[in-house]
Amino acid sequence: MGRLVQVLKTAAIAGTAAAIGGAAFYSTLDVQRRFELASATGPLVRLLDPETSHRVGILAARMGLFPKETRPDPPALRVNLWGRSFPNPIGLAAGFDKDAEAIEPLLNLGFGFVEVGSITPRPQPGNPKPRVFRISELKATVNRYGFNSEGADAAAERLERFWRRVAADPTRKKGLLAINLGKNKETEDAGDDYAVGVLKLSRYADFVVVNVSSPNTPGLRALQGRKQLQSLLTFVRDARDGLEWGPGGPPPLLVKIAPDLTESDKADIAAVVAATGVDGVVISNTTIARPESISKYPASREAGGLSGPPLLEPTTAVLADMYRLTRGAVPLVGCGGVASGEDAYRKIRAGASLVELYTAMAYEGPVIVPRIKQELAACLERDGFASVEDAVGADHPNIPRPGKKKGAGKR
Ligand SMILES: Cc1cc2nc3c(=O)[nH]c(=O)nc-3n(C[C@H](O)[C@H](O)[C@H](O)COP(=O)(O)O)c2cc1C
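Residues numbered from 1 in each chain as written. Predicted model: local features only at pLDDT ≥ 70, side-chain atom pairs only at ≥ 80, totals over all residues. Heavy atoms only, no water.

1. Examining the overall build of the protein chain
Thinking step 1. Scanning the protein chain for helices and strands turns up 14 helices and 13 strands.
Thinking step 2. What you see for the protein chain is a C-alpha radius of gyration of 22 Å, in line with the 22 Å of a compact globule of 411 residues.
Thinking step 3. Scored against the burial criterion, the 411 residues of the protein chain give a buried share of 55%.
Thinking step 4. Considering only intrachain contacts with a sequence separation of at least 6, the fraction spanning at least 24 residues in the protein chain is 73%.
Thinking step 5. Carbon and sulfur atoms make up 58% of the accessible area of the protein chain, which amounts to about 18,100 Å² in all.
Thinking step 6. Averaging the positions of the 53 positive and the 45 negative side-chain charges in the protein chain gives two centres separated by 3 Å. (Helix = DSSP H or I, 4+ residues; strand = E, 2+ residues; numbered from the N terminus. Rg over C-alpha atoms; globule rule 2.2 N^0.38 Å. Buried < 20%, exposed > 50% of the residue type's maximum accessible area, 1.4 Å probe, protein only. Contact = heavy atoms within 4.5 Å. Areas by Shrake-Rupley, 256 points an atom, 1.4 Å probe, with all protein chains shown as cover. Lys, Arg positive; Asp, Glu negative; His and termini not counted. Charge placed at Lys NZ, Arg CZ, Asp CG, Glu CD.)

Right, here's the structure in full:
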């Protein structure tokens with residue numbers, strides 16, 4: 001027994017010394033080195049199964065182990081949208097922080113916005129494990145989480161605490177906060193669930209995303225059909241507008257769509273977006289398609305949504321289609337396979353006002369955030385665009401955008 005106590009004491013002293021030494025070493029690093037150090041642990045974390053690595057990432061963020069961006073963003077990256085000012089257009093997509101556990105550390109990475117969720121009204125466990133699979137060779141993922149969520153009340157408590165901290169010190173909040181709403185698996189009338197999400201959570205959001213495109217909840221994607229979408233979005237919009245809002249008005253309402261759509265599906269969605277006055281469209285969620293290029297990897301045969309680089313081409317094509325169909329009148333958020341500034345720039349030229357990513361962060365770690373921003377600023381400068389806003393939709397010279405300078409940048 002005495003020997004055990006001695007061993008524990010020695011271990012405690014060694015641990016404390018290592019922590020003090022580590023902290024002293026860390027304090028000598030500049031911001032960029034801190035991002036690189038945090039990302040260098042990625043290969044170790046990826047020795048764990050994908051869901052455990054995901055959990056470790058969230059815990060590390062919560063424990064303050066993520067680096068903090070202190071360098072200002074290049075002014076060319078600032079985006080003004082919906083009367084809100086985004087320090088840069090690069091966001092963290094839904095699914096990483098499903099339960100709003102790590103908002104502040106994630107914003108501190110330098111994202112222009114972080115989208116938490118999908119949050120379902122009631123807690124639910126999601127699909128049985130394993131439910132996330134890597135295709136490491138392609139830096140891609142297949143997941144069928146199925147909306148595992150601690151529910152809207154648990155999220156609301158965390159969001160309340162976050163906003164209280166921000167009220168005490170507004171400088172703590174560096175970017176914007178989006179809240180992505182899902183529905184419970186068992187709920188028959190989807191509208192009720194999204195309305196509950198709006199009632200319980202929209203007051204905490206800089207913008208709200210209605211997710212009707214996860215492939216892992218039976219029947220969800222059918223909500224993208226013209227009639228269903230029209231009545232769903234009208235119902236949710238009315239639920240939002242029925243609440244009391246301050247002088248800033250209600251948060252914008254966006255809808256997140258799938259990439260697996262026919263031409264007439266896309267035309268229908270564009271028509272519904274125009275008719276309901278929805279404020280934007282996130283394009284897109286993961287795909288149930290399996291491109292030929294991934295068929296040799298065992299994970300490609302798993303049911304679920306594919307994300308990462310194989311999604312870049314097809315989702316950018318859907319984004320460009322939606323920009324054309326909406327005549328550039330509705331802000332679009334480009335998502336799918338973004339892993340570099342050049343990828344983000346392609347989405348912006350195709351019509352995205354904002355861009356978000358998830359899988360690249362899982363493979364590359366936090367260093368992806370400053371890297372993408374720097375590369376994107378270089379792309380804009382190379383092509384003669386003064387700002388992100390000038391480059392939005394540049395691939396569609398025939399669609400005029402109000403306020404856009406004619407002839408700005410190379411087309
Ligand atoms: C593990 C995982 C979980 C996800 N969970 C959600 C979710 O809960 N809600 C949602 O709208 N999208 C979810 N997504 C989709 C992402 O937000 C994003 O649309 C998609 O992964 C494409 O972007 P990426 O290629 O940058 O990952 C998830 C993606 C992954 C990889």
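2. Remarks on the site of the ligand
Thinking step 1. Around the ligand, a shell composed of 23 residues is seen, among which Ala-94, Ser-118, Lys-256, Gly-337 and Thr-359 lie nearest.
Thinking step 2. Ser-118 is positioned such that a nitrogen or oxygen atom in its side chain is 2.8 Å from a nitrogen atom of the ligand.
Thinking step 3. Relative to its unbound accessible area of 610 Å², the ligand is 97% covered by the protein chains.
Thinking step 4. In terms of residue class, the shell around the ligand is built from 7 nonpolar, 14 polar and 2 charged. (Near = heavy atom within 4 Å. Polar contact = N/O pair within 3.5 Å; in protein donor to acceptor, adjacent residues only side chain to side chain. Nonpolar A, V, L, I, M, F, W, Y, C, P; charged D, E, K, R; others polar.)

3. Brief notes about the packing of helix α8 (residues 226-241) against helix α9 (residues 263-276)
Packed helix pairs are characterised by how far apart their axes lie and by the angle those axes make with each other.
Thinking step 1. Look at α8 against α9: their axes get within 10 Å of each other, and the N-to-C directions meet at 25°. One element, α8, and the other, α9, form an angle in the roughly parallel class. Here α8 and α9 pass one another in a crossing that is right-handed. Residues Arg-226, Leu-229, Gln-230, Leu-233, Thr-234 and Arg-237 of α8 form the contact with α9, whose own contacting residues are Asp-268, Ile-269, Ala-271, Val-272, Ala-275 and Thr-276.
Thinking step 2. Broken down by class, the residue content of the contact of α8 with α9 amounts to 6 nonpolar, 3 polar and 3 charged. (Axes fitted to C-alpha atoms, helices over the stretch in contact; angles between N-to-C directions. Parallel < 35°, antiparallel > 145°, perpendicular 65-115°, else oblique. Left-handed = near helix turned anticlockwise from the far one by under 90°.)

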